[in-house]
Amino acid sequence: MITFTEAKANERMKKYVPNFLLMFCFFWTAAPQMLSASGRTISFPVPQFCAADTNLYQYMPFPMGASVAISRMKNNARYIEVVTKEFNSITAENAMKFRSLHPTENTFNWADADYLVDFAQKNGKQLHGHTLNWYQYLPAWVNNFSGDSIAWENMLKTHIQTVVTHFKGKVASWDVVNEYFNDDGTIRPSIWVKNLGADYIARCFQYAHEADPDAILFYNDYGHEYSSAKRTAIGKLINSFKERNIPIHGIGLQFHMTYTQSDANISAAIDFAAATGLKVHISELDVRVNTNKVQGLAFTDAMAAQQADRYKQVVKTYNAIPKSQQFGITTWNVGDADSWVPSWQGAPDYPLPFDANYLRKSAYKAIIKGVK
Ligand code: G3I
């Protein structure tokens, strides 16, 4: 029999214990972030019942990734913790580019990229390769290369096939060629086009496919959301590949976008990519807010809300394309302090779902809302 006092005590327990647990969970999950923000990194084991301790990728019906900087993957404990916990896919931000892997004509430097392979394998992450061919981030020996077209072809083929072979079975997908087109849809006059002709791009895909017939091969570019001319050019390229049986399996939309980007443009880009029938990778997502390049710009609540809304719109639109075409979404690095945007635009910015202390921003929650 329960007495009046016991019943009252039970009632109070029911009322206050959940609040206490919530506060406890909040402290437990927030404390490491607060401490790391103050310069110390401490990890607490997180109790199972703390619903606050969720991770991003578990909410997503497709792989959710980030590009990673090798220096931080080696030296920043909080960064490693966030990458490990929140994402189930990674892309090397720079470690698999030509200059990183092939610094001199007869030297391949695998150490950094292999470090990421090892991390991905130990932690069950998908590892996307970026990028076999680009007009930027080339070593001096390539920029100064003076061979004839046969020597250029041999150099291109050797690079692609040595890299793909090295990572065979470890890297399941590649951005084969990056940024072949200008924004107006014309072909960029890169060092590759100049020395090998415009159709060298098809041979890049053939060389990669020969080296690893199982690899999923992407064409990756930016600007799909603001340039219909570029979209059209990419569509024509893909059609010509299909007609000629050139192996291509996916299209990467970088999506380095501004927080003023329209719903219509986001849909146009994603729907266009989906209409190719290929896999679609939102491959380098970030949403910058400092459109006027204001020095000393602070990140306001209004900016956070508008940025979050853009993240949500991208995820929501992407989630509506056929599941078989959803290769995944990858943000371009993790926290605001890791982003390439401030140094590129010469002014501060806050483009990523985590802030400089790796606290989750509104954009983080918006990504999850995008699939609900
Ligand atoms: O590692 C050196 C460091 O030793 C040196 O002190 C420092 C001085 O500038 O440079 C460091 O290298 C920089 C590297 O990033 C690592 O931080 C390079 O200068 C810099 O050019 C390089 O920028 C990268 C850029 O691609 C060029 O490769 C960015 O991190 C990277 O985010 C950016 O990523 C590209 C994608 O690959 C393709 N799509 C666009 C995207 C943004 O530009």
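Residues numbered from 1 in each chain as written. Predicted model: local features only at pLDDT ≥ 70, side-chain atom pairs only at ≥ 80, totals over all residues. Heavy atoms only, no water.

(A) Region of interest: the nonpolar core. Counting 103 residues, the largest nonpolar core has Phe 167, Trp 174, Trp 192, Tyr 200, Phe 205, Tyr 219 and Phe 255 as the members making the most contacts within it. Considering each element in turn, this core owes the most residues, eight residues, to helix α10 (residues 200-211). With residues near it in sequence (within four places) discarded, Phe 205 still touches Val 176, Val 177, Leu 217, Phe 218, Tyr 219, Phe 241, Ile 246, Pro 247 and Ile 248. (Core = buried A, V, L, I, M, F, W, Y, C linked by side-chain atoms within 4.5 Å. Buried < 20%, exposed > 50% of the residue type's maximum accessible area, 1.4 Å probe, protein only. Helix = DSSP H or I, 4+ residues; strand = E, 2+ residues; numbered from the N terminus. Contact = heavy atoms within 4.5 Å.)

(B) Main features of the site of the ligand. Of all residues adjacent to the ligand, which total 13 residues, the nearest are Glu 93, Lys 97, His 130, Glu 284 and Trp 332. Here an oxygen atom of the ligand sits 3.0 Å away from a polar atom, N or O, in the side chain of Asn 94. In this structure, His 130 approaches the ligand through a side-chain N or O atom, which is 2.7 Å from an oxygen atom. In the complex, the protein chains occlude 50% of the 780 Å² of accessible area that the ligand would expose alone. Residues that form the shell around the ligand fall into these classes: four nonpolar, five polar and four charged. (Near = heavy atom within 4 Å. Polar contact = N/O pair within 3.5 Å; in protein donor to acceptor, adjacent residues only side chain to side chain. Areas by Shrake-Rupley, 256 points an atom, 1.4 Å probe, with all protein chains shown as cover. Nonpolar A, V, L, I, M, F, W, Y, C, P; charged D, E, K, R; others polar.)

(C) Main features of the packing of aromatic side chains. Per the stated rule, a full pass over the model turns up 21 aromatic pairs. Taken together, a centroid distance of 5.2 Å and an interplanar angle of 10° make the contact between Phe 108 and Trp 110 stacked. Classification of Phe 108 by relative accessible area gives partly exposed; the value is 23%. Between Phe 181 and Tyr 219, the aromatic rings sit 6.2 Å apart at their centres with planes inclined by 80°, giving edge-to-face as the arrangement. One end of the pair, Phe 181, is in the loop between β4 (173-178) and α9 (191-196); the other, Tyr 219, is in strand β5 (residues 216-221), with 38 residues separating them in the sequence. Residue Phe 181 shares its accessibility class with Tyr 219, and that shared class is buried. Each member of the aromatic cluster is reached from another via a ring pair, and the members are Phe 98, Trp 141, Phe 145, Trp 152, Tyr 180, Phe 181, Trp 192, Tyr 200 and Tyr 219. The lysine or arginine in question, Lys 74, covers the ring of Tyr 115, its NZ or CZ lying 5.3 Å from the ring centre. Positioned above the aromatic ring of Trp 344 is the side chain of Lys 293, whose terminal nitrogen or guanidinium carbon lies 5.9 Å from the ring centre. (Phe/Tyr/Trp six-rings, centres within 6.5 Å; stacked < 30°, edge-to-face > 60°. Lys NZ or Arg CZ within 6 Å of the ring centre and 35° of its normal.)

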